[in-house]
Every structure is written in structure tokens, then in C-alpha cells.
Amino acid sequence: MAASSRLIARLAVVSGGGSGIGRAVCQRFASEGASVVVADVSEESANRTLGSLSHDHRGQEHMAVAVDVSSRDSVEKLLTRIQCQYYQPPSICVSAAGITQDEFLLKMEENDFDRVIQVNLKGTFLLTQAVSKALVASGISKGSIITVGSIVGKVGNIGQTNYCASKAGVEGLTRTAAKELSGFGIRCNCVLPGFITTPMTDKVPEKVISKITSLVPMGRMGEPAEVADVCTFLASDESRYITGVSIEVTGKFPSMSETRAMQMSDHSRCKGSTNTECTA
Ligand code: NAD
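Being a predicted model, the structure only gives us computed values, none of them experimental.

**Let's talk about the overall build of the protein chain**
Looking only at helices and strands, one finds ten helices and seven strands in the protein chain. The C-alpha atoms of the protein chain give a radius of gyration of 20 Å, which matches the 19 Å a tight globule of 280 residues would have. Dimensions of the protein chain along its principal axes, counting C-alpha atoms only, are 70 × 45 × 40 Å. Looking at the protein chain as a whole, 46% of its 280 residues qualify as buried. Contacts in the protein chain between residues far apart in sequence, at least 24 positions, make up 74% of those at least 6 positions apart. Total accessible area computed for the protein chain in this model is approximately 14100 Å², and 54% of it derives from carbon and sulfur atoms. Side-chain charges in the protein chain split into 28 positive and 28 negative, and the spacing between the mean points of these groups amounts to 5 Å.

In C-alpha cells form, the structure reads like this:
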């Protein structure tokens, strides 16, 4: 895609910027002219992203900062560092930091439930609140907050009660923040990726990946850059009359009822067959 300048002179902070979707967002924002703060719990990963960012537009200055989004103290320090460096808060904020700790409901430890909620949901709350407060205090009446939910927050996913609950929460948080903050010129929107090729999904067994891609009409997993493109649209003035929405980036992931209908039609096609693959 040809480079353009939709984010020229804008300052953006991206949590989880050290890897996967967050890294692709940082790279895309930089190529569109923004100054980017790469924020990640892994300082090394954040620095690696920093080294990959373009500086083709005048005045661009990027930085990497270590932050744990689940800690209020750490998030407040991040905002202080940004404002000391740039003399303004970021007017674009993407919460892409996230983790999984998968286990079946019947076996899930309380700690694994809590940790996923703390990073994915509370982390999104803390960063959204800190950036919004700083924007309101500074009198900058233009902001775009972008949160990263997941399609599984809508349709559920076996082994991910904690993760799906956190992502459903992120959507509710975003819709509510949009209502509360629109009076301050701050828009809030959520992207819902489907299955995207990143280190997070590298952990998923190949068998499960092929099962998932067989359910996606587009027949493949998504790329981080495809999520980053949607975030760039939401960050830019092209989406200036859009707030409180969730945008699915899934290759049309089927809803629960569509998945069920597919299973039933597979089942009826297989009735009477001696093919063992159809007897499951
Ligand atoms: P990833 O593992 O590649 O990147 C996540 C990043 O978050 C890492 O750099 C990690 O260090 C950082 N991080 C983890 N805990 C943190 C903390 N406490 N504070 C700050 N940073 C922290 O994963 P990804 O696939 O790029 O995921 C990015 C976001 O997209 C996540 O919120 C994830 O839930 C969401 N998502 C991913 C997919 C997918 O298929 N990959 C699908 C739907 C939603």
C-alpha cells in the first residue's frame, strides 16, 4: 500500500507495541506520519519495534517505554514520561497489550482467571482512563481511543473463559467510554480481530488452526497489518463521525448459530456415509 500522511503531527501511544498486532500498528502509524510511543512490558521487544519505525515525515520522534498496563502506578509513570518528552498527552491511544492463560473452565485456576482480566481488561481501563484524563486536563479536544477486543468475546471459545470474558468486557468498556467522552471530543472504538498470525497464535496447535481456518469463508488467518490498517482508519479523521462501535477484522468469522448450522449440514451430508471422518 502506498504511504500516506493521515496521522501527520499526531502523537500515539500503543500498548503491546513490542509484538504482533501492536507492533504492526506502531509501524503503520509511523508510516502515516505519527510520532509513536511503543509501550510494552518487554523493554527489549519495545526497542526492537522502535528500531523498525520509519521517520519519513518532518518532526517525527518515536520512543520506547517499559510499562505494565495492569499496574496503575506503571501506567501513570508512562503518561508522565510521555508528557515530559513531548509536552502534550497522546491524542491517539491503542490498547493492544494482551495475554492468554488457556484452560477448560472445570480446571481453570483462579490466578489464571485473575491475571488475564488484570492485563486485558483492567489494563485497557487504566490506559484509557489515564490518556483521557490527560487529554481533558490539557484542553486538547480531539482524541481517538482504540481498544483491542476479540471476536471470541462475542462467540466464545473452548478453553478461554477468562480471555473471552476479558474481551467482552473490553467491548462494553469501549462503548461506555464513547458515551462519556464524546463531549470532550474523544472517540472510542474497538477492533475485534479474528485469528491473526502473531506469537500469541503461534502457541495454538496446527490441528486447531486448520479447523479454525476451515470455518473462515476467506479461508486463511489474518495478518497483523490488516488489523493495523483498521486501527489507522479509526485513529484518523476519516472516521471522525464514528464512535462507540466495534469493527470485526475476521475474514467473516461465523457466529455461534452459523457454526452450529454448518455442523448440522455437515452431519446431514454425512448421514449414512461409511467415511470415518464423518462419524464424529
Ligand atoms: P502478542 O503476544 O504478539 O503481543 C502482545 C504484546 O503485549 C506482547 O508484546 C507482550 O509483551 C505485551 N504485554 C503482555 N502483557 C503486558 C502487560 N502487562 N503490559 C504491557 N504489555 C504487555 O499478541 P497479539 O496477537 O499481537 O495480540 C495483541 C492484542 O490483540 C491482544 O490484546 C490480543 O488479545 C488481541 N487479539 C489477538 C488475536 C490473534 O489472533 N492474534 C485475536 C484477537 C485479539
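Back to the write-up after that little detour.
**Considerations on the UniProt feature "domain: Ketoreductase" (unreviewed entry) in the protein chain**
Within this structure's numbering, the places UniProt gives as "domain: Ketoreductase" (unreviewed entry) are residues 10-196. Secondary structure content for residues 10-196 is 48% helix and 18% strand, while the C-alpha to C-alpha distance between its ends is 27 Å.

**Digging into unusual backbone geometry**
Residue Tyr 87 is not a glycine yet carries a positive backbone phi of 60°. Secondary-structure assignment places Tyr 87 in the loop between helix H3 (72-86) and strand S4 (92-95). Unusually for a residue other than glycine, Lys 252 sits at a positive phi of about 65°. As for its position among the elements, Lys 252 is in the loop between strand S7 (246-249) and helix H10 (256-270).

**Some points on the layout of surface pockets**
Considering only enclosed or pocket space, the second largest pocket measures out at about 200 Å³ in volume. If you go around the second largest pocket, the residues you meet are Phe 125, Thr 128, Gln 129, Ser 132, Lys 133, Leu 173, Thr 176, Ala 177, Glu 180 and Leu 181. Of all the elements in the fold, those that place two or more residues in the lining of the second largest pocket are helix H4 (110-138) and helix H6 (161-181). Looking at the lining of the second largest pocket residue by residue, the classes come out as four nonpolar, four polar and two charged.

**What to know about the side chain of Arg 187**
Tracing the sequence through the fold places Arg 187 in strand S6 (residues 186-193). At a separation of 3.0 Å, a polar atom in the side chain of Arg 187 contacts the main-chain carbonyl oxygen of Ile 242. When residues no more than four places from it in sequence are discounted, the contact partners of Arg 187 are Gly 143, Ser 144, Ile 145, Leu 234, Ala 235, Ser 236, Ser 239, Arg 240, Ile 242 and Thr 243.

**Structural notes on the site of the ligand**
Close to the ligand lie 28 residues, the nearest being Ser 19, Ile 21, Asp 40, Tyr 163 and Thr 198. Note that an oxygen atom of the ligand is positioned 2.8 Å from one of the backbone N or O atoms of Ile 21. With respect to the ligand, the side chain of Asp 68 contributes an N or O atom lying 2.9 Å from a nitrogen atom. Sorting the residues of the shell around the ligand by element identifies helix H1 (20-31), H6 and helix H7 (199-202) as the ones contributing at least two each. Among the elements that take part in the shell around the ligand, H7 stands out by supplying three residues, more than any other. When its residues are assigned to classes, the shell around the ligand shows 15 nonpolar, ten polar and three charged.

**A look at the pattern of salt bridges**
This model, assessed by the stated rule, comprises twelve salt bridges. With a closest N to O distance of 3.0 Å, Arg 6 and Glu 32 form a salt bridge. You can see Arg 6 sitting in the segment before strand S1 (11-15) and its partner Glu 32 sitting in the loop between H1 and strand S2 (35-40), a full 26 residues away along the chain. What makes Arg 6 partly exposed here is its relative accessible area of 27%. Glu 32 sits in the buried class, given a relative accessible area of 0%.

**Some points on the packing of aromatic side chains**
Across all of its chains, the model carries one aromatic pair by this definition. When the ring of Phe 195 is compared with that of Phe 253, the centres are 5.6 Å apart and the planes differ by 40°; the resulting orientation is tilted. Placement of Phe 195 in the loop between S6 and H7 and of Phe 253 in the loop between S7 and H10 is noted, with a sequence separation of 58 residues between them. Classification of Phe 195 as buried rests on a relative accessible area of 13%. Here Phe 253 falls in the buried class, since its relative accessible area comes to 11%.

Scoring rules and cut-offs
- Residue positions are given per chain, counting from 1 as you read along its sequence in written order.
- At least 70 in pLDDT is required for a residue's local features to be given in this predicted model, at least 80 for side-chain atom pairs to be given and counted, and no such filter applies to totals for whole chains, interfaces and linings, which use all residues.
- Side-chain metrics rest on all non-hydrogen atoms present in the structure, leaving aside hydrogens and water.
- A run of H or I in DSSP becomes a helix once it reaches four residues, and a run of E becomes a strand once it reaches two; helices and strands are each numbered from the N terminus.
- In this setup the radius of gyration rests on C-alpha atoms only. A globule is expected at 2.2 Å times the number of residues raised to 0.38.
- The classification of residues rests on relative accessible area computed with a 1.4 Å probe and restricted to protein chains. Under 20% of the type maximum is buried, over 50% is exposed, and intermediate values are partly exposed.
- By definition in these notes, contact holds between two residues if any of their heavy atoms fall within 4.5 Å.
- Computed with the Shrake-Rupley method and a 1.4 Å probe, the accessible areas treat only the protein chains shown as cover for residues.
- A residue counts as positive if it is Lys or Arg and as negative if it is Asp or Glu; His and the chain ends are not included.
- Where a charge sits is defined by one atom per residue type, namely NZ (Lys), CZ (Arg), CG (Asp) or CD (Glu).
- UniProt positions are given in the numbering used here, feature names are shortened, and annotations may be inferred rather than shown by experiment.
- Using a grid of 1 Å spacing that covers the protein atoms alone, one calls a set of points a cavity when a 1.4 Å probe fits there but cannot get out, and a pocket when the set is open and has protein on both sides within 12 Å along at least five of seven lines; lining residues are those with an atom within 4 Å of a point.
- Grid points are joined across faces, edges and corners, and a volume is the space filled by probe spheres set on the points.
- In this classification, Asp, Glu, Lys and Arg are treated as charged, Ala, Val, Leu, Ile, Met, Phe, Trp, Tyr, Cys and Pro as nonpolar, and every other residue, Gly included, as polar.
- Throughout this description, a polar contact denotes any pair of N or O atoms lying within 3.5 Å of each other; where both atoms belong to protein, one of them has to be capable of donating a hydrogen while the other can accept it, and for residues adjacent in sequence the pair is counted only when both atoms sit in side chains.
- Each residue is tested against the molecule or strand, and it is near if at least one of its non-hydrogen atoms lies within 4 Å.
- The working definition used for a salt bridge is a side-chain nitrogen of Lys or Arg within 4 Å of a carboxyl oxygen of Asp or Glu.
- Aromatic rings from Phe, Tyr and Trp, with only the six-membered ring used for Trp, were paired whenever their centres fell within 6.5 Å, and each pair was classed as stacked if the ring planes differed by under 30 degrees, edge-to-face if by over 60, and tilted otherwise.

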